[in-house]
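The lines below spell out each chain.
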Amino acid sequence: MDMHKTTACLLLSPFLLLPLSPVALAQAPKPSSAAAESITDHDVIRHIKVIADDSMLGRDTPSHGLEATAQYVASQFKAAGLKPAGDSGTWFQRYAITRRRIDAEGSNLTLRSGKAEARVSFAVAARFVQGTVPPEPIRGDVLLLGGALTADAATGAGAAGRIVLLAPNPSKADLEQSARALYLAGAKAIILLADIDSAAYAPRLSSQRREHTAIDLGVPGPLLMEVREGAVRRVLSAAGVNPAQVRAAAQPVVRDLSKLTATLALKEIITARQTAPNTVGMIEGRDPKLKHEYVLFSAHMDHIGISAGQPDSINNGADDDASGTAAVIELATAFGRPDARPKRSMLFLTVSGEEKGLWGSRYFSEHPPVPIDHIVADINIDMIGRNWPDTIVAIGKEHSDLGATLNRVNAEHPELGMTAIDDRWPEERFYFRSDHYNFARKGVPILFFFNGVHPDYHRPSDSADKINPEKEARIARLLFYLGEDIANAPERPKWKPESYKEIVEQ
Ligand SMILES: [Zn+2]
């Protein structure tokens, strides 16, 4: 053993005697390496064990466990020397949410074609599925879509400002993506025709009477209803529509039903008003000009709460997304070191309500503490503690020059033993499914780091003992170098023009 050491010293000593060349100086470790190396597996797992502990009860939005998590993150941001960047000098942004349920007796759908009319009560043959209940009744002429419907056909159907009646081919239509496309195209409401008899339909009606929690953004969300076909068959026939034929079509069906008008009157009952937190901290940049621009790191601290009726009922969400929350804390701590402060300012954000429908990031993107166009990039982290030990998926690389920046920074750090690869599952459309999307739609270039799902996904078994903290620490170090590069670059990141058109200007 000793002999090996001596040999190594002898071999190295001639080099140590040489004067340092400019090349050697350039290759000397940057002070920031020490900051990156301050991110350790020990610290990563320490945070995850707190956040994913049973005492947090699965961090549902809203809940005591979520509040405790928000406080924990704030305490870590404070210890890291960050400045609070929430509401009126606090660490927290709070957004309003309400407990509410549909008043089925007070809600109805009326379809009219000439003299034929059907008025359907939500207590009898129609059902609220999801969306923001509008304060006034919605009226409009009807667009009929169906058959083997695709997202492309739905996008091009001219749904803006219309009420859409859907009769999709059950085996051939892509219902989820088509409904999304219709919402994005500006459809006022989407009404699904349910081909089911009244006895079988009754149990479905009760689902809308259940209380649910909703965010109050003042921005309408997609409004999705369902109506039992038998209850409107006569008025549809008067408008020349045979739903069975439409449904059976092997091609997408798009028909303008100019004679058919719909009125949708919905009523809901609010049973409680609450709020939920985002935690936000900031590090001011050292460049007097560039400090007015911000690099944002984000992750969601909420999870899905408790699934009652099983031996272990607490969904710990260690990977989803205590892992990302821990990474944001570690990045804040690393960037908080005096030797690591970059030119641009940095924002560190842990949001809530992600699992409910990207609420916290939606609210933050509508009410940012700094002008949204001063945020030059969002690095979002959701699930980085499991699966491959040496690979991490980076989603969104193709949409801006952040992809090239990441490839370059990654190549500069072979010592991390970590390779960021392209989106492995484009068909899953993950780009649109976590918090970064709320920033992308506002014009902020994003990268989303994600290790993919696993059998413990959204189960009580997503627990801290299954996390690989050594791997996660290496990913977080890579994200440190990436964030540092973006924050010190002379130019801010740029969208690819085609992507900007598709994602921001849509
Ligand atoms: Zn998640």
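The shown structure was predicted, so the numbers you read here are calculated from the model rather than taken from an experiment. (Residues numbered from 1 in each chain as written. Predicted model: local features only at pLDDT ≥ 70, side-chain atom pairs only at ≥ 80, totals over all residues. Heavy atoms only, no water.)

Draft legend 1. How the structure looks around the coordination of the zinc ion. Protein-derived ligands of the zinc ion are His 300 (NE2), Asp 320 (OD), Asp 382 (OD) and Asp 382 (OD), with the metal-ligand distances lying across 2.0 to 2.4 Å. In this structure, the zinc ion is coordinated by four donor atoms arranged in irregular fashion, with angles at the metal of 54 to 148°. Mapping the donors of the zinc ion onto the primary sequence gives the spacing H-x19-D-x61-D. Of the two residues, His 300 is situated in strand E13 (residues 294–300) and Asp 320 in helix H11 (residues 318–335); the sequence distance between them amounts to 20 residues. The pair His 300 / Asp 320 is uniform in exposure class, with both members buried. (Donors = N, O, S within 2.8 Å, 3.2 Å for Na, K, Ca; no water. Tetrahedral: all angles 85-135°; square planar, octahedral: opposite > 155°, others 65-115°. Helix = DSSP H or I, 4+ residues; strand = E, 2+ residues; numbered from the N terminus. Buried < 20%, exposed > 50% of the residue type's maximum accessible area, 1.4 Å probe, protein only.)

Draft legend 2. Representation of the environment of Ala 473 within the structure. By the secondary structure assignment, Ala 473 is in helix H16 (residues 469–488). Of the residues examined, Ala 473 reaches a relative accessible area of 0% and is grouped as buried. Sequence separation between Ala 473 and Ala 327 is 146 residues; the distance between their C-alpha atoms is 7.8 Å. Non-local contacts of Ala 473, meaning those with residues more than four positions away in its chain, are made with Ile 39, Thr 40, Asp 41 and Val 44. (Contact = heavy atoms within 4.5 Å.)

Draft legend 3. Structural view of the pairing of strand E12 (residues 268–283). Note: strand E1 (residues 83–84) against E12, two bridges, orientation antiparallel. Paired with Lys 83 across the strands is Met 282, a residue of E12. Pairing analysis gives eleven bridges linking strand E2 (residues 92–102) to E12, with the strands arranged antiparallel. From the neighbouring strand, Gln 93 faces E12, where its bridge partner is Asn 278. Across five bridges, the pairing between E12 and strand E14 (residues 345–351) is antiparallel. The residue of E14 that forms the bridge with Met 282 is Leu 347. (Pairing = 2+ DSSP bridges.)

Draft legend 4. Looking closely at helix H17 (residues 497–504). Residues Ser 499, Ile 503 and Val 504 constitute the buried set of H17. Axial view of H17: buried residues confined to an arc of 90°, hence all on one face. Exposed and oriented more than 90 degrees from the buried face of H17 are Pro 497, Glu 498 and Lys 501. On its buried face, H17 sits against helix H15 (436–440). (Arc of directions from axis to C-beta.)

Draft legend 5. Just the environment of Ser 121, in detail. Note that Ser 121 resides in strand E4 (residues 116–121). The spatial distance from the C-alpha of Ser 121 to the C-alpha of Arg 247 is 24 Å, given a sequence separation of 126 residues. Contacts of Ser 121, omitting those with residues within four sequence positions, involve Ala 104, Ser 107, Asn 108 and Ala 126.

Draft legend 6. A look at the sheet that holds strand E3 (residues 108–113). Ordered in space as E4-E3-E11-E6-E7-E8-E10-E5, the eight strands form an open sheet in which the pairing is mixed. Since the sheet does not close on itself, it has two edges, and those belong to E4 and strand E5 (126–130), each with one partner. Here the average twist between neighbouring strands, direction ignored, is 30°. Strand direction decides the pairing type here: strand E6 (residues 138–147) and strand E7 (residues 163–168), joined by six bridges, are parallel. Considered in E7, the bridge of Gly 147 is made with Pro 168. (Axes fitted to C-alpha atoms, helices over the stretch in contact; angles between N-to-C directions.)

Draft legend 7. Representation of the packing of aromatic side chains in the model. By the definition in use, this model includes 17 aromatic pairs. Taken together, a centroid distance of 6.3 Å and an interplanar angle of 40° make the contact between Phe 335 and Phe 348 tilted. You can see Phe 335 sitting in helix H11 and its partner Phe 348 sitting in strand E14, a full 13 residues away along the chain. Accessibility assignment for this pair places Phe 335 and Phe 348 in one class, buried. Chaining the aromatic ring pairs together yields one cluster made of Phe 77, Trp 91, Phe 297, Phe 335, Phe 348, Phe 480 and Tyr 481. (Phe/Tyr/Trp six-rings, centres within 6.5 Å; stacked < 30°, edge-to-face > 60°.)

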